[in-house]
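# Structural characterization, general
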Amino acid sequence: MLRNVLCLVLGLIVGIQLTELWDYMTLISDEYESTAIAADTAASTALDGPSLADRLYHETRVLCLVLTMPTQHKTKAAKVKSTWGARCNKLIFMSSQDDDALGAVNLNVTERRENLYAKVRAGLAYAYQHYMEDYDWFLKADDDTYVVMENLRLFLYPYDPEAAVFFGHRFRTSYPHGYMSGGAGYVLSRDALRRLNLFALNNTKFCPLNTQAEDRQIGHCLLNVGVVAGDSRDELGRERFLPLSPRHLMPNIQYGTWLEKYYFFKPNTNDCCSDSLISFHYTKMHDYDMYEFFLYHLQVADLPKTLSSLPPRLSDEQMKEKLKIWDEQISDNE
Ligand SMILES: *[C@@H]1O[C@H](CO)[C@@H](O)[C@H](O)[C@H]1NC(C)=O
Ligand SMILES: *[C@@H]1O[C@H](CO)[C@@H](O)[C@H](O)[C@H]1NC(C)=O
């Protein structure tokens, strides 16, 4: 009797954990695909209402601010918009020219490398003035950053956007807490954005206006108004935000680069990247669509999961027919 009850309880626990695991797996795979899958499995557990992917989208609302310039509106910025940027709850390009089709805002800052910091300040002020209450997290990225939005949301989900925190790839600098790499993208909580605007941007003591690197200066301002530099590494200590592109990271992190002395946490060169990775940097024009394909389209056959039985084999007759058809194919590329 007791044994039966024990078995039942154990079975229930395993069942529940498997259900959670399954939900998690579908959540981190393609957002659109998973809507359908999660809805299906949810039906059997009597979970009415939106799927986990939908909930995540609506409960962890991310406004994306992408740093670009007019010469990139039709190139990199357009690629961002047609790929990962489309998954932001709101996408705004920080530029020096309005472009309604793209969603670019003229922030009235002259295009110059040493003005990038002024431009990001203006962008973060703009987001605060217009969208503060409508979003939970505020991501700053470059137009050559690639972000896996689903993984960003899932990572942020446990955290309160009213906590003063920001996440990204942490770099070392002269002040002890470091700052987040601009190229990997960094994300501010709502309270971090509020503090920045209320107490830092109008105060040259906390947040001097100069021509230094954007990421370092914003990090400094945030630190001065009590915003904590969060740790976004996974349980194995692998980075989720990456200031390099996959070709710089695999098969090993390339050392001897300018970056080496910047790492806040010394990376494991042989195991660079988290399985729940959030971002890459140095995305080239042809990379955006390639990443999309590998992340959102390519399906690797997962036999036990996708198949209940193997497909029938062709008969000799059918096989011959196939060979004949293939043999007669001609190029349509004149
Ligand atoms: C930029 O300047 C123009 C003209 O003064 C103004 O209308 C516009 O609101 C400014 N843009 C921002 C984002 O401040
Ligand atoms: C900045 O603005 C905040 C909020 O309006 C105010 O309390 C603070 O005194 C201002 N700081 C400076 C240096 O003007």
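Shown above is the structure to which this text applies.
Parameters and conventions
Residues numbered from 1 in each chain as written. Chains lettered and ligands numbered in written order. Predicted model: local features only at pLDDT ≥ 70, side-chain atom pairs only at ≥ 80, totals over all residues. Heavy atoms only, no water. Buried < 20%, exposed > 50% of the residue type's maximum accessible area, 1.4 Å probe, protein only. Helix = DSSP H or I, 4+ residues; strand = E, 2+ residues; numbered from the N terminus. Core = buried A, V, L, I, M, F, W, Y, C linked by side-chain atoms within 4.5 Å. Contact = heavy atoms within 4.5 Å. Pairing = 2+ DSSP bridges. Near = heavy atom within 4 Å. Polar contact = N/O pair within 3.5 Å; in protein donor to acceptor, adjacent residues only side chain to side chain. Areas by Shrake-Rupley, 256 points an atom, 1.4 Å probe, with all protein chains shown as cover.

## Observations concerning helix α8 (residues 214–224)
Within the sequence span of α8, burial applies to Glu214, Asp215, Gln217, Ile218, Gly219, Cys221 and Leu222. Residue Gly226 follows α8 closely and has a positive phi angle near 80°.

## Section: the nonpolar core
Core analysis: the biggest nonpolar cluster contains 43 residues, and Trp84, Leu139, Met149 and Leu152 have the highest contact counts within it. Counting only elements with at least two residues in this core, the list comes to β1 (62–67), α4 (76–82), β2 (90–95), β4 (137–142), β5 (146–147), α6 (149–156), β6 (165–167) and α10 (287–297). With residues near it in sequence (within four places) discarded, Trp84 still touches Cys64, Val66, Leu139, Ala141, Thr145, Tyr146, Val147, Met149 and Glu292. Of all hydrophobic cores here, the second largest spans 33 residues; its members include Leu124, Ala164, Leu196 and Cys221.

## Some details on the pairing of strand β9 (residues 186–189)
The alternating pattern of β9 places Tyr186 and Leu188 and Val187 and Ser189 on opposite faces, both of which are buried. Sheet topology places β4 next to β9; 4 bridges connect them, and they run antiparallel. Residue pairing for β9: Phe138 is matched across the bridge by Leu188. Summarising the sheet, β6 and β9 pair through 2 bridges and their orientation is antiparallel. Across the sheet, the residue bridging to Phe166 is Leu188, located in β9.

## Concerning the site of ligand 1
Taken together, Asn106, Asn108 and Tyr126 are the residues near ligand 1. Take Asn108: an N or O atom from its side chain is 2.3 Å from an oxygen atom of ligand 1. The fraction of the free accessible surface of ligand 1 (360 Å²) that becomes covered by protein chains is 31%.

## Quick look at the environment of Leu242
Looking at the secondary structure, you find Leu242 in the loop between β10 (228–229) and α9 (246–249). The exposure class assigned to Leu242 is buried, which follows from its relative accessible area of 2%. Linking Leu242 and Arg170, residues 72 residues apart in sequence, is a C-alpha distance of 9.4 Å. Setting aside residues no more than four positions away along its own chain, Leu242 makes contact with His169, Ala184, Leu249, Cys272, Cys273, Leu277, Ser279, Phe280 and His281.

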